[in-house]
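Geometric and topological summary
Each chain, letter by letter, is given below.
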Amino acid sequence: MTILAWKDTLKKVKEILEKAPIGYCLDYEIPADKSIKEALITVTGKTFIAKAKISKIAPYQNEKNVLKKKKDKLKTLITIEKIEEIQDDIVNYEEVSGGSVDKVLSFAVIVKKEEAKIELPDHMEGKLNSEVKSLIRQVEKDGNSLPVKIAEQLTAAKKHYGIGEKDFEKLIKATLEKYKETGVDPYEAVGIVGAQSIGEPGTQMTMRTFHFAGVAEMDVTLGLPRLIEIVDARKTPSTPSMTIFLTEKARGDEDRAVSLARSIESTTLLDVADIEVNTTEGYVLILLDKQKMQERGLKREEIMPKLKKIRMQKTVISEEENKIRLSQEEPSYKKIYQLYENLKTFQVKGLDGIKRAIVKFDQKAKEWVIYTQGSNLAGVMELKDVDYARTKTNDIIEISQVLGVEAAREAIIEESTSTLHNAGLNTDIRHLMLVSDMMTFSGNVEAIGRHGISGKKASVLARAAFEITSKHLLNAGLIGEVDKLNGVAENIIVGQPITLGTGAVKLSYRREE
Amino acid sequence: MAKYNILMHEMVPEHWLVPVKEEEKILKSLGVTKGQLPKIRRTDPVIKTLEKAPGIGEIVPGRIIEIVRKSRTRGIAKIYRTVIGE
């Protein structure tokens, strides 16, 4: 169902709310469309605050007893039957025709975006082998616990070697003992061990950023710079990139993959045209380059409706062959220049942020995969033909915004292990898991270091020992902070045994009664 | 929201809302308080999506979310996060 939408002032919306049902005059030409029965009004350009039932859209002919959006230059009269206040985000809607809604001088015809029906995934535990399940339950009965992976290996071994019940019980007992032994001891300094385990092999990593690594013709930051980027939780990685997988129907079809790759590549006006500025007569001329347009798979007819959305008021657009002339109603040097600046970065095609997209055939999986330079996870996941469940980006912050902290934790582990593996280093994954657990502990992705978790330690002395000593001590003095001396660094400072290993254990004597 | 269901994404582990009745049992077995558990923001995309799933409704701060991860070391690992406001 199509809906009419426009931007208005809060005052006007309140007036309509008061006086409805009433006719309302707008200052733009809206083609009469009988299928439109609803209208949404926004004030901020971010949320719709009013929903109106409308019965007629007609040209304005000086009717009386109607509300007016403006004093003059009115063009359309719409008859509002009923109006109510609502709260709905603009992002929930898609534009069908007309301009963009967040512009005062325009209207748009919109439809509500399709929404995915939220279904919950299946329980992973439910899918386990019944033998594995019963083994875990049996072990738990005695107050022990066994990881799923070991339980699986045990049952597999039982089958493979034909172990009898009695021997199997002995095997379980021995496994449990070994498992307990391998656990980390209480008050073991896992953080230090982790830091050493990543740091030591890290010294052998390349300091240089390699280009054209990984995927052909694609820049990917690797080695130490990438590792630093990950633990620093940078807002955007230096070489963001995405791996886009296609749905079952599309993954075998090269043409579909190529056309999808082309459609997401962001193309600016400057990529396909030359822009000339004429300041004396006050207009901007866009000279379209046919060849470049063909290369990008762009048609002239596609550019025109997009240009109407330009965020400049009172722009007059006229077309000539291969030329588009844009001028202002009241041209001034400043305005023309502003228009030129806007046009230079004007996006005519594609998704924000995606600079390049190439298609490659994955020999192993036998499917076409799209690799991109630049990342826009939310945008790509919405597209048709894209298998959103497998689509990935290397931008960890973006993952945390689109898929949540847990996915970000997963991404940190994945990215850091693959960076280390690419350099030929084998760091135990448990260290990297600890790092990513710490980085996502607070529910946000936080850096390791001054601005992240080290800067948020509870103890003043520990913070002061890390960096900017005087600042921390001064602040602590000002607000009267108390240090409970629970950590390691602060106890070294005051000269006490540290709370690690045996130092953390206190002996107490319980008298037998 | 969107045309996709992020709960089905490969990188998103299972998230389950723990019934209030079971909270105490879990905290006791772990020997921690709610405040000591890792956190998850109420505005986290997964929480927002979970709220839209049938039969769950609003998730207020203080509730516990059970997360079932596909672990590379354990096979399946269960962890818990406390929901926090902002």
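As the structure is a prediction and not an experimental result, all values here were calculated from the model.

The helix and strand inventory of chain A stands at 18 helices and 18 strands. By its C-alpha atoms, chain A is 100 × 65 × 50 Å across when sized along the principal axes. For chain A, buried positions account for 42% of its 513 residues. Long-range pairs, those at least 24 residues apart, make up 61% of the contacts in chain A with a sequence separation of at least 6. When the accessible surface of chain A is summed, it comes to about 30400 Å², and 51% of that surface belongs to carbon and sulfur atoms.

This brings us to empty space enclosed by the protein. All names here are of chain A. Per the stated rule, a full pass over the model turns up three cavities of 30 Å³ or more. What the largest cavity holds in volume is close to 70 Å³. For the largest cavity, the full set of lining residues is R226, E229, I230, A233, R234, P237, N394, D395, I396 and I397. Elements represented by at least two residues in the lining of the largest cavity include exactly α6 (223–231) and α13 (396–402). At three residues, the largest contribution of residues to the lining of the largest cavity is made by α6. Classifying every residue of the lining of the largest cavity by side-chain character gives five nonpolar, one polar and four charged.

A word on the sheet that holds strand β17 (residues 367–373) of chain A. All names here are of chain A. Here we have four strands laid out as an open sheet, ordered β16-β17-β9-β18, and antiparallel in their pairing. The sheet is open, and its two edges are formed by β16 (356–362) and β18 (392–393), each paired on a single side. Pairing analysis gives seven bridges linking β16 to β17, with the strands arranged antiparallel. Bridge pairing links V359 to I370 in β17.

This brings us to the nonpolar core. Counting residues in each nonpolar core, the largest one holds 58 residues, and the members touching the most others are I370, M381, L403 and V445 of chain A. Contacts of M381 of chain A, omitting those with residues within four sequence positions, involve Y388, V402 and L403 of chain A together with Y4, I6 and H9 of chain B. Ranked by size, the runner-up nonpolar core spans 22 residues in total, among them V13, I36, A52 and I78 of chain A.

On to the sheet that holds strand β4 (residues 75–84) of chain B. If you walk across this open sheet you meet the four strands as β1-β3-β4-β2 (chain B), and the pairing is mixed. Where the open sheet ends on each side, the last strands, each with one partner, are β1 (14–17) and β2 (39–41) of chain B. Along the sheet, successive strands turn relative to each other by an average axial angle of 35°, direction set aside. With eight bridges joining them, strand β3 (residues 64–71) of chain B and β4 of chain B adopt antiparallel strand pairing. Each bridged residue has a counterpart across the sheet, and for E66 of chain B the counterpart in β4 of chain B is Y80 of chain B. Seen against the sheet, helix α14 (residues 405–422) of chain A touches β1, β2, β3 and β4 of chain B and runs at an angle of roughly 25° to β3 of chain B.

This part is about the packing of aromatic side chains. Summed over the entire model, instances satisfying the criterion amount to two aromatic pairs over all chains. Judged by centre distance (5.8 Å) and plane angle (40°), the ring pair of Y388 of chain A and Y4 of chain B falls under tilted. Within this pair, whereas Y388 of chain A is found in the loop between α12 (377–381) and β18, its partner Y4 of chain B is found in the segment before β1, the two belonging to separate chains. Both residues of the pair, Y388 of chain A and Y4 of chain B, belong to the buried class.

This part is about unusual backbone geometry. Excluding glycine, a negative phi dihedral is what most residues carry, and trans is how most peptide bonds are arranged. Residues and elements named next belong to chain A. Its identity as a non-glycine residue notwithstanding, D385 has a phi of 75°, on the positive side. In this structure, D385 sits in the loop between α12 and β18. Take D385: its relative accessible area is 17%, and that puts it in the buried class.

Attention shifts here to a nonpolar patch on the surface. Residues and elements named next belong to chain A. Side chains of V184, V190, L434 and M438 sit close together on the surface and give an oily, nonpolar patch of about 310 Å² of accessible area. Its location among the elements puts M438 in helix α15 (residues 429–439). Using a relative accessible area of 38% as the deciding quantity, one classes M438 as partly exposed.

It is worth spelling out the side chain of E415 of chain A at this point. All names here are of chain A. Following the sequence through the fold, E415 ends up in helix α14. Within the local environment of E415, its side chain forms a polar contact with the side chain of R226, the two groups lying 2.8 Å apart. Beyond its immediate chain neighbours, meaning those up to four positions away, E415 contacts R226, I230, T393, N394 and I396.

Per-residue pLDDT for chain B has a mean of 90; in total, 98% of the residues score no lower than 70. Per-element confidence in chain B ranges from a low mean pLDDT of 89 for helix α2 (residues 45–52) of chain B to a high of 94 for β2 of chain B.

As a further point, take the pairing of β4 of chain B. Strand residues, when the strand is regular, have side chains that alternate between the two faces of the sheet. Residues and elements named next belong to chain B. In terms of burial, β4 is a largely internal element, eight of the ten residues being buried. Alignment of β2 against β4, held across three bridges, turns out to be parallel. Bridged to K39 within β4 is T82. Taking the residues between adjacent antiparallel strands as the criterion, β3 and β4 are bridged by three residues.

Next up on the list: the packing of helix α5 (residues 190–202) of chain A against α15 of chain A. All names here are of chain A. In contact at an axis separation of 9 Å, α5 and α15 are set at 115° when each is read in the N-to-C sense. Considering how the two elements wind past one another, α5 and α15 form a crossing that is left-handed. Where α5 abuts α15, its residues V190, G191, V193, G194, S197 and I198 lie against H431, L432, L434 and V435. For the contact of α5 with α15, the class distribution of residues is six nonpolar, four polar and no charged.

Take the packing of helix α3 (residues 148–161) of chain A against helix α4 (residues 165–182) of chain A next. All names here are of chain A. Running from amino to carboxyl end, α3 crosses α4 at an angle of 150°, the nearest separation of the two axes being 11 Å. With respect to their mutual orientation, α3 and α4 come out roughly antiparallel. Of the two possible hands of crossing, α3 and α4 adopt the one that is right-handed. Note on element contacts: α4 touches α3 through E165, F168, L171, I172, T175 and Y179, opposite I150, L154 and K158. A breakdown of the residues in the contact of α3 with α4 according to their chemical character gives six nonpolar, one polar and two charged.

Our next topic: helix α2 (residues 130–141) of chain A. Residue and element names in this part refer to chain A. The end-to-end C-alpha distance of α2 is 16 Å, a good match for the 16 Å that twelve residues give at a rise of 1.5 Å each. When we look at burial in α2, the residues that qualify are V132, L135, I136 and V139. With its buried residues spanning 95° around the axis, α2 presents them on a single face. Exposed residues pointing more than 90 degrees away from the buried face of α2 are listed as S130, R137 and K141. On its buried side, α2 packs onto α3 and α4. Capping of α2 at its N-terminal end is provided by N129; its side-chain oxygen lies 3.1 Å from the backbone amide nitrogen of E131. At the exit of α2 stands G143, carrying a positive phi of roughly 80°.

What counts and how
Residues numbered from 1 in each chain as written. Chains lettered and ligands numbered in written order. Predicted model: local features only at pLDDT ≥ 70, side-chain atom pairs only at ≥ 80, totals over all residues. Heavy atoms only, no water. Helix = DSSP H or I, 4+ residues; strand = E, 2+ residues; numbered from the N terminus. Buried < 20%, exposed > 50% of the residue type's maximum accessible area, 1.4 Å probe, protein only. Contact = heavy atoms within 4.5 Å. Areas by Shrake-Rupley, 256 points an atom, 1.4 Å probe, with all protein chains shown as cover. 1 Å grid on protein atoms, 1.4 Å probe; cavity = no way out; pocket = protein on both sides within 12 Å on 5 of 7 lines; lining within 4 Å. Points joined across faces, edges and corners; volume = space filled by probe spheres on them. Nonpolar A, V, L, I, M, F, W, Y, C, P; charged D, E, K, R; others polar. Pairing = 2+ DSSP bridges. Core = buried A, V, L, I, M, F, W, Y, C linked by side-chain atoms within 4.5 Å. Axes fitted to C-alpha atoms, helices over the stretch in contact; angles between N-to-C directions. Phe/Tyr/Trp six-rings, centres within 6.5 Å; stacked < 30°, edge-to-face > 60°. Patch = residues over 30% accessible without salt bridge, like charges linked within 9 Å, V, L, I, M, F, W, Y side chains within 5 Å. Salt bridge = Lys/Arg side-chain N within 4 Å of Asp/Glu carboxyl O. Polar contact = N/O pair within 3.5 Å; in protein donor to acceptor, adjacent residues only side chain to side chain. pLDDT = per-residue confidence, 0-100. Left-handed = near helix turned anticlockwise from the far one by under 90°. Parallel < 35°, antiparallel > 145°, perpendicular 65-115°, else oblique. Expected span 1.5 Å × (residues − 1). Arc of directions from axis to C-beta.

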